[in-house]
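The residues making up each chain are set out below.
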Amino acid sequence: MSETSGPATGTRVIGGRTYDFSRRVVVMAIVNRTPDSFHDRGRTFALEKATEAVKAAADDGADWIDIGGVPFAPGPEVTAAEELDRVLPVVEAARDLAVVSVDTFRPEVAREVIKAGAGVINDTSGLRDVAMADAVAGTDAQLVITHSLAAPRTLHPRPRYGDVTAEVAGFLRERVELALSRGVRPEQIIIDPGHDLNKNTLHTLEITRRLEEITSIGYPTLAALSNKDFIGETLDRPQQDRLAGTLATVVFCILRGARIMRVHDVRAATDAVRMTEAMLGWREPVFLRHNMD
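Residues numbered from 1 in each chain as written. Predicted model: local features only at pLDDT ≥ 70, side-chain atom pairs only at ≥ 80, totals over all residues. Heavy atoms only, no water.

(A) Focus on helix α9 (residues 243–255). In this model α9 runs 19 Å from its N-terminal to its C-terminal C-alpha over 13 residues, within 8% of the 18 Å that 1.5 Å per residue would give. Three or more residues of α9 are buried, namely G245, T246, T249, V250, C253 and I254. Down the axis, α9 shows its buried residues gathered within 165 degrees of arc, on one side only. Residues of α9 that are buried in the fold lie against α6 (201–209), β9 (222–224), α8 (229–235), β10 (260–263) and α10 (266–279). Where α9 terminates, the next one or two residues include G257, which has phi positive at roughly 105 degrees. (Helix = DSSP H or I, 4+ residues; strand = E, 2+ residues; numbered from the N terminus. Expected span 1.5 Å × (residues − 1). Buried < 20%, exposed > 50% of the residue type's maximum accessible area, 1.4 Å probe, protein only. Arc of directions from axis to C-beta. Contact = heavy atoms within 4.5 Å.)

Right under this line is the structure:
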């Protein structure tokens, strides 16, 4: 197991809460206000359903809640105004319950949700629009920089790499330097190798196997792997039957240095994360009774 090191790891205050990434793993719940999202297929598109999902995620132990208004995958155009209409009410519903993250690639959306209380901007485009760095610089928000090859909502058939892990690591280093050059502070940066984003199953398995090469860059690493196709193809499981594979991958990534796990099934993932923390000696049991008398 690797321990990440560098100026941007360790203790951070995020959304008013303190996290020591040297011995703490964050569970990030996914709540999408979209009709065409990857996993829930619009289940939380209605505002009432989205706010119910936010409360349920917090009750189930989520540390952060990641709110999305536009999926990464190809689909109909969603304007910035429509995206804000989708996410702002959910940000307002979530901000007193957990740290709020917003999954967006638009700087104008980032600016507004930060004003509304979002503590994290989750940019799956990897700063394709450099103005995203400008939107986060000078604020207290975190910026997630994710590896992807294509712009969001754009097809990228048959992606090819020479050494996928080395190329992803190189991309992330370059984008981190870009963010720093625009005034984003080191302690604001989180990196994400982008499981399955413009990658096939063999690519994603390779990145996961060599995840220490990503975490050793020195910034807290987010793993967004919940129910993804690399799990389905590896196990021959349909979209709604990938929980066991997801939990195995969550634990594996923690042991290789990931510190933020983005998941759909919050209660099960929280149990897996907290049990892993306890076995690593980072967390005390909630109570002790067995063979204590």
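(B) Up close: the pairing of β10. Going residue by residue along β10, you find I260 and R262 tucked away on one face and M261 and V263 tucked away on the opposite face as well. Summarising the sheet, strand β3 (residues 26–32) and β10 pair through four bridges and their orientation is parallel. What sits directly across from V26, in β10, is I260. (Pairing = 2+ DSSP bridges.)

(C) Representation of the sheet that holds strand β6 (residues 120–123). Spatially, the eight strands line up as an open sheet ordered β8-β7-β6-β5-β4-β3-β10-β9, and their pairing is parallel. Each edge of the sheet is formed by a strand with only one pairing partner; in this case those strands are β8 (189–192) and β9. Averaged over all adjacent pairs, the angle separating strand axes in this sheet is 25 degrees, with direction ignored. Bridge count between strand β4 (residues 64–68) and strand β5 (residues 99–103): five bridges; the pairing is parallel. Across the sheet, residue G68 finds its bridge partner in β5, namely D103. (Axes fitted to C-alpha atoms, helices over the stretch in contact; angles between N-to-C directions.)

(D) Representation of unusual backbone geometry. Phi is positive for D196, which is not a glycine, with a value near 70 degrees. Considering the arrangement of structural elements, one finds D196 in the loop between β8 and α6. In this model, N227 sits at a positive phi of 60 degrees, which is unusual for a non-glycine residue. Along the chain, N227 turns up in the loop between β9 and α8.

(E) Quick peek at the packing of helix α1 (residues 47–59) against helix α2 (residues 80–94). Look at α1 against α2: their axes get within 10 Å of each other, and the N-to-C directions meet at 30 degrees. Relative to α2, the element α1 lies roughly parallel. Two packed elements cross with a definite hand, and for α1 against α2 that hand is right-handed. Across the interface between the two elements, L47, A50, T51 and V54 from α1 touch P89, V90, A93 and A94 from α2. Here the residues of the contact of α1 with α2 are counted per class, giving seven nonpolar, one polar and no charged. (Parallel < 35°, antiparallel > 145°, perpendicular 65-115°, else oblique. Left-handed = near helix turned anticlockwise from the far one by under 90°. Nonpolar A, V, L, I, M, F, W, Y, C, P; charged D, E, K, R; others polar.)

(F) Here's a closer look at the packing of aromatic side chains. Within the structure shown, the criterion is met by two aromatic pairs. Residues Y19 and F21 carry aromatic rings whose centres are separated by 6.3 Å and whose planes lie at 15 degrees to one another, so their mutual orientation is stacked. Take Y19 and F21: they sit in the same class, and that class is buried. A centroid spacing of 5.9 Å and a plane angle of 85 degrees characterise the contact between Y19 and W64, whose relative ring orientation is edge-to-face. Here Y19, found in strand β2 (residues 17–20), pairs with W64, found in strand β4; they are 45 residues apart in sequence, far enough to count as distant. Pair check on accessibility: Y19 and W64 agree, each one buried. (Phe/Tyr/Trp six-rings, centres within 6.5 Å; stacked < 30°, edge-to-face > 60°.)

(G) Summary view of the environment of V70. Assignment of secondary structure puts V70 in the loop between β4 and α2. The exposure class assigned to V70 is buried, which follows from its relative accessible area of 8%. Sequence separation between V70 and I14 is 56 residues; the distance between their C-alpha atoms is 24 Å. Leave out the neighbours within four places in its chain, and V70 touches T34, V78, E83, F105, R106 and R153.

(H) Structural context of the nonpolar core. The biggest cluster of nonpolar side chains holds 66 residues, and the ones touching the most others in it are I65, V113, L143 and M261. Looking at this core element by element, the count peaks at seven residues for helix α5 (residues 164–181). Beyond its immediate chain neighbours, meaning those up to four positions away, M261 contacts V25, V26, V27, M28, A223, L225, V250, C253, I254 and V273. (Core = buried A, V, L, I, M, F, W, Y, C linked by side-chain atoms within 4.5 Å.)

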